[in-house]
Structures are given as structure tokens and as C-alpha cells.
Amino acid sequence: MLIARILKNDRGGQIFLALLLLLSVLVPLLNLGLPKGHALHVSTYTLTLLGKYLTYALLAVSVDLVWGFLGILSLGHGAFFALGGYAMGMYLMRQIGDRGVYGNPDLPDFMVFLNWQELPWFWHGFDMFWFTLIMIVLVPGVLAFVFGWLAFRSRVTGVYLSIITQALTYALMLAFFRNEMGFGGNNGLTDFKDILGFDLQSDATRVGLFLASALALAAGYLACRAIINSRLGRVAIAIRDAEDRTRFIGYRVEHVKLWIFTFSAILAGIAGALYVPQVGIINPGEFSPLNSIELVVWVAVGGRATLYGAVLGAMGVNYAKTWFTAALPDGWLFALGALFILVTVLLPKGIIGLLTRRGARS
Amino acid sequence: MNALEQLRRSVDRDEVFEFLRPKINVRDLDLTHGTILYLEDVSVSFDGFKAINDLNLYIDAGELRCIIGPNGAGKTTMMDIITGKTRPDTGSVFFGQRIDLLKLSEPEIASNGIGRKFQKPTVFEYHTVFENLELAMEGDKRVWPTLRATLSGEDKDHIDETLTTIGLQEHAQAYAGALSHGQKQWLEIGMLLMQNPLLLLVDEPVAGMTHQEMDRTAELLTSLAGKRSVVVVEHDMDFVRSIARKVTVLHQGSVLAEGSMDDVQNDPKVVEVYLGE
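Residues numbered from 1 in each chain as written. Chains lettered and ligands numbered in written order. Predicted model: local features only at pLDDT ≥ 70, side-chain atom pairs only at ≥ 80, totals over all residues.

Description of the overall build of chain A
Along chain A, the regular secondary structure elements total 15 helices and 4 strands. For 362 residues, the compact-globule formula gives about 21 Å, and the C-alpha radius of gyration of chain A, at 21 Å, lands near that figure. Taking the principal axes of the C-alpha coordinates as reference, chain A spans close to 60 × 55 × 45 Å. For chain A, with 362 residues in total, the buried portion stands at 45%. By sequence separation, contacts in chain A at least 24 residues apart represent 77% of the contacts at least 6 residues apart. (Helix = DSSP H or I, 4+ residues; strand = E, 2+ residues; numbered from the N terminus. Rg over C-alpha atoms; globule rule 2.2 N^0.38 Å. Buried ≥ 20, exposed ≤ 12 C-beta atoms within 10 Å, placed from the backbone. Contact = placed C-beta atoms within 7 Å.)

Things to note about the interface of chain B and chain A
Taken together, the contact pairs 22 residues of chain B with 22 residues of chain A. Listed by contribution, the elements that provide at least two residues to the side of chain B that touches chain A are helix H3 (106–111), helix H4 (129–136) and helix H5 (143–148) of chain B. Among the residues forming the side of chain B that touches chain A, the class breakdown is 10 nonpolar, 6 polar and 6 charged. (Nonpolar A, V, L, I, M, F, W, Y, C, P; charged D, E, K, R; others polar.)

Observations concerning the packing of helix H4 (residues 77–96) of chain A against helix H11 (residues 253–279) of chain A
Residue and element names in this part refer to chain A. Where H4 meets H11, the closest approach of the two axes is 6 Å, and the angle between their N-to-C directions is 45 degrees. Here H4 lies oblique to H11, going by the angle between them. Note on packing geometry: the crossing formed by H4 with H11 is right-handed. In contact with His77, Phe80, Phe81, Ala82, Leu83, Gly84, Gly85, Ala87, Met88, Gly89 and Leu92 of H4, H11 contributes Ala265, Ala268, Gly269, Ile270, Ala271, Gly272, Ala273, Tyr275, Val276 and Pro277. Each residue belonging to the contact of H4 with H11 can be placed in one class, and the counts come to 15 nonpolar, 6 polar and no charged. (Axes fitted to C-alpha atoms, helices over the stretch in contact; angles between N-to-C directions. Parallel < 35°, antiparallel > 145°, perpendicular 65-115°, else oblique. Left-handed = near helix turned anticlockwise from the far one by under 90°.)

A look at the pairing of strand E2 (residues 49–60) of chain B
All names here are of chain B. Across 8 bridges, the pairing between strand E1 (residues 35–46) and E2 is antiparallel. When the bridges of E2 are listed, Ser45 appears paired with Lys50. Between E1 and the antiparallel strand that follows it, E2, lie 2 residues; Asp47 among them carries a positive phi value of about 50 degrees. (Pairing = 2+ DSSP bridges.)

Regarding the sheet that holds strand E8 (residues 229–233) of chain B
Residue and element names in this part refer to chain B. Spatial strand order, E6-E7-E8-E3-E9-E10: 6 strands in an open sheet with mixed pairing. Edge strands, defined here as strands with exactly one partner in the open sheet, are strand E6 (114–117) and strand E10 (254–259). With direction set aside, neighbouring strand axes in the sheet form an average angle of 20 degrees. Two elements, strand E3 (residues 64–68) and strand E9 (residues 246–251), share 4 bridges in a ladder whose sense is parallel. If you follow Cys66 over to E9, its bridge partner there is Val247. Here helix H2 (residues 75–82) sits on the sheet in contact with E3, E6, strand E7 (199–203), E8 and E9, set at roughly 150 degrees to E7.

Quick notes on helix H6 (residues 153–165) of chain B
Relative to the 18 Å expected for 13 residues at 1.5 Å per residue, H6 of chain B spans 18 Å between its end C-alpha atoms, a close match to the ideal helical length. Downstream of H6 of chain B by a residue or two, Gly167 of chain B has a phi angle that is positive, lying close to 70 degrees. (Expected span 1.5 Å × (residues − 1).)

Regarding the confidence of the model for chain B
Residues and elements named next belong to chain B. Residue-level pLDDT values for chain B average 85, and 91% of them are 70 or greater. The lowest-confidence element of chain B is helix H1 (residues 2–11), averaging 71 in pLDDT; the highest-confidence one is H4, averaging 94. Model confidence for the complex is summarised by a pTM of 0.87, with the ipTM given as 0.86. (pLDDT = per-residue confidence, 0-100.)

A word on the packing of helix H8 (residues 203–229) of chain A against H11 of chain A
Residues and elements named next belong to chain A. Across the interface, H8 lies against H11 with an axial gap of 10 Å and an inter-helix angle of 170 degrees. Overall, the two elements H8 and H11 adopt an arrangement that is roughly antiparallel. Residues Leu209, Ala212, Ser213, Ala216 and Gly220 of H8 form the contact with H11, whose own contacting residues are Leu267, Ile270, Leu274, Pro277 and Gln278. A per-class count over the contact of H8 with H11 returns 7 nonpolar, 3 polar and no charged.

Notes on the sheet that holds E2 of chain B
All names here are of chain B. Reading across the sheet, the 4 strands line up as E2-E1-E4-E5 and stay open at both edges, with antiparallel pairing between neighbours. Single-partner strands in this sheet number two, and they are E2 and strand E5 (99–100). When strand E4 (residues 90–95) meets E5, the two strands line up antiparallel, connected through 2 bridges. Paired with Phe95 across the bridge in E5 is Ile99.

Comments concerning helix H12 (residues 289–302) of chain A
Residues and elements named next belong to chain A. With 14 residues, H12 ought to run about 20 Å at 1.5 Å a step, and its terminal C-alpha atoms sit 21 Å apart, in line with that. On the buried face of H12, the contacting elements are helix H3 (44–68), H4, helix H7 (158–177), helix H13 (308–327), helix H14 (332–346) and helix H15 (350–356). In the segment just after H12, Gly303 is the residue with positive phi, at about 120 degrees.

Description of the pairing of E9 of chain B
Residues and elements named next belong to chain B. Summarising burial for E9: 5 of the 6 residues are buried, a large majority. Sheet topology note: the E9/E10 ladder contains 5 bridges and is antiparallel. Across the sheet, the residue bridging to Val249 is Ala257, located in E10. Where E9 folds back onto E10 in an antiparallel hairpin, the turn is made up of 2 residues, including Gln252, whose phi is positive at roughly 50 degrees.

Here it is in C-alpha cells:
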């Protein structure tokens, strides 16, 4: 079948997808099927945490696609993640209806608070789920397309490109911090009630979101793997290794970069859209440059240019972060920095490189 | 200046509008005068330094031409201009009678049939030899067709054939990064062949090769001429003598002498430039 064909030569991917399948069967069963006091019961907190990690993993996969296989070090992928998140957040805000603090049926709370009289034009349509789904894909996609078109056409590469992606996410953060932008300013969007009519606080909805995240991760992984297996994927690696050469063979390097970058941004947007209902808030902090850098660290730790390494890195580093911020709140950033340096110096191929040790195709 | 020029042209009714002219088909080369490449009055300067100075060069169809010259003579810059990497300040560059290379981008020039081998061998190190050739293969290289591309039996035969020509059939599944220097040079020539170009530009093909490897390369290049035109830039005089029929000497960005190897070597101007060569 199609999936079997995509995974034919991808040992790590087979293992990863099998584990993901196991996780998405076992965790909901242990959460819904067992009583609260049972030793094997998985709490809803843990379930939601895992669901959040899965969306991070999808984000990491999208970064690995452009960084590991195309050689574009994007330090602004958090921006696409946050934009997808905001699109979903806007839908969830509209779902609150008149159950907000001010009880206004037409306006979200923060707009009532700012004394706005009517809904800004760009909020229209977000009361419909299908429209939101389109926007989740379209907004990050169009931004990446326009940005990529300008950047790749002028042949901005390497560290310069990294810096302007960083500037992109920083500029968006500043813009979203402003109340006049109409996205809730520094408080962002929160206090969500339900999604598609299902209560966001209920265990069943949480399980549904968890499963949706797992499904999105699996589909995103397979799509990326299919691209890499195609001749286009080989062209991408060729661009990473010798851009000029690829151009002289006759490939339109800018176009290849543009489409893969856009695709990757869309994946990041989808990850963000699944992240928001699970954590219950989206604010401009998600645009912060630090987030985008951190997610590059996940990929580096896991092992770039493997895809499943990105998943491993995202899960591992975030698990460590959850543990650290509870046990040693001040130590986390130091630990992250140390981790990055250690991985760069000792494990240039990340944990996956350590596991395989075969000098697999980097 | 460009916008003004455009405006002036659109008012000027003596000639057919640019957009009304039929598009020239890829590979529709007009070789009626037997010349495949024209460089006329080409000049380019970098920060005031004239790398190419009023260069006039004509390459005949099917010819094997060697270009020599001391360091800084503008050999590599000339190749950059032909392949679209550098744009000249003045002059014109035509491929056949009709294709104006100055109007095309690098990939367009490549798909029109000009292939280039770089001075430093650049192959895709993390691809196998086979994959390197597959990527170079002539075909539709836009994004979507590339995503959907599959290898037909014919393609495989074509690649195998090239593997035999460059003598790397035993290394087909080896990573290109693991090849020796000479093998990389051959692989790169093989990639050029897969592109099926009408004009090959070969920059220093034997740098760092042993004598044996050099002989094989000479054989390979001579066998290519005839069907295709080959321009070789090379420092190694023995190698040039072994393959060249016609040699062009570049000096300070323009042609100093042109003719057979013997003529050129006895030219007092050339002797002066090379000082004792």
C-alpha cells in the first residue's frame, strides 16, 4: 500500500509509527477505561501533556524538513506555529458566544473591555469551523510563500536567512502585543469553552484532541517522508549540499525552496492549531524568538535529517523541560544551553546518530 | 533606464512587440553559420578591475577548443558569463543565432543545452553515483514534475550507459563523497553528459589527476567533440597539447592569440606573457 511504500527503506520511521500507534491506543484506553485510583490509570493531565508534545513533534518534523533536507535554518518557524494557533484561537473565542464575563453575544471579552462596538473585519468567518480550517492552512502558508518568494528570489541564504526569519517572528510578536491589532494584546486569546460543541474540559474531548494530534503527526511524517523519497527530495538534498551545482544542472532552486518551505510552514500551522485547544491559551509569547530557537535545539538534539529524530528530540527535550521547570525552575535555560552545546560538540548527529552509529545518510 | 527603454520600445512601431514574437523552443538552435557560441565586445569589471575586456570569441559547432592563459586572465569569469552567473557590463552573448544568453537565468541556460563542469569538482556527496546522474538527467525539472518523477527502464539504461562511459559502473551505489578526486571529476563529466548538452564548458578537468587518469580524460573529451562542442579551460600544457586542435590564449580579459598549439607557442606575445613557458 501507499504507506508501506513510503516507509519501505525507513526503519526508524516504521518503529516510530508503530510506537505512535501503540501510544494512541493505550493512552486513551488507560485514561477512559480505568478508574481514577487504579495504578495504571493515565491522568487527563498526562494525556493532555502528551498531546501537547505530539504537536511539538509535528512542529519539529516541519523544521527538520527544511533544515535537515533543504539546508534552510529557519529561526522563525514558531511564527507559523503561532499563526495556526491564533486561527484556531479565534474560532474558539467565537464559540464562547455570550458565556464570556461580559456576556456579550457578538464580541469577545477583550473587545468589550476595549470598548469596541463591532467585530473587526478579519474576525468574520471564524465562527465557522470549515472557514477556520482553511485559514489554519492559508495564513501560515501565504505568509511563508510571500516571505520565501522575496527571500529566495534574492538568494538570501545561510545565516542571513536565519536572521531575517528571526526578525519575522520578532516583528509579529511586537505586532500581536498591541491591543489595536485586535488579537487580545499581551493576554492573547483564552478562556475557551468548547470546540465543535464538545466541552474542552471533558476527558472525552481531550482524548479526541490527543488522537487528532497523533493522526496529524503520523500524516505529516508520512507526507514529509514521501517528499524526501521522491526525486524532489533528492533535489532538496542536492541544494543543501551544493546549491550552485543544482542550479547549473537546470533546477529552479528558488522554486524548490519556496514550495518545500511553504509546505513546512503549513505543517507548523496545523501543529499550532492542535496545540491551542489542548493548552487553552494562545498569546504573543508564542512568537518569541526564543521559542523558535528552542525548537531548532529539539531537532539538533534528536538528530537532524532523519525526521524521526526530530520527533524524539521534541518529546525528549520537552519532557525534560516539564520536569526541570517543576524541580529547578531557574535552571531550565542553562540546561537547554548546555544541552545544545554538548550535542553540537559531542553528538553532531544527535541521539539518533548515537543510536545508529552507522553513518547513515545524513 | 529600463522602464524608459521599455516605454520607448512600445511606442516604436517599426518592430514587432516582444510579446508577439513566437517563443523560441528549447533546443531549437539555429546553427546555420556553423557557430554555436558568440561572445562579442564583452566587458565586465569588478570594483574597477576589468576582468573581461572587449572579449570576442566564437566557438564552432562540434569543435573542441582549449582556452589557456595565466592566472587572472578571465577564464573562469568568461564561463560565469556564458552560464549566466555573472552579467557583463557591455557586449552580447548568443547561443546559436537566436538565443540571447544574457536574457536567461542559470537554469534556463542549462536547459537550453549548456552544461558546465566546475573547477573544483562539485558532486552531491550524500547521493550515490547513480543518484547524481539521475538528478542531472535531461527532463522536466520544474517542482511538480520532479515530485512525481519515476525512473523508466529507458532512463536506467541511459544512466548505465553513462556509467560505462565514465568507467564508474562498479561504484554506482557508492556515495559520491567516497570517490577519489579523479573519479569525482569523471562523475561530474558524466553528469554533464546526462544533461545532454550541445555545448560543454569544462573548467580544469585534470587538476590533481595522475597521468593515467589524465589520458583517460583526454580520451573521453575527444570522443565527445563532434556531436557536441566542448570548451576546455586548462593549465596543464601537456594535456592541452594532447587534445587541442585549436587553442585560444586569454590575457587580461581579452584574446591574445588563437590558432594551433604550435602556432600559439611560437607567438612572441604569448611567450612574453608566459615568460619562458
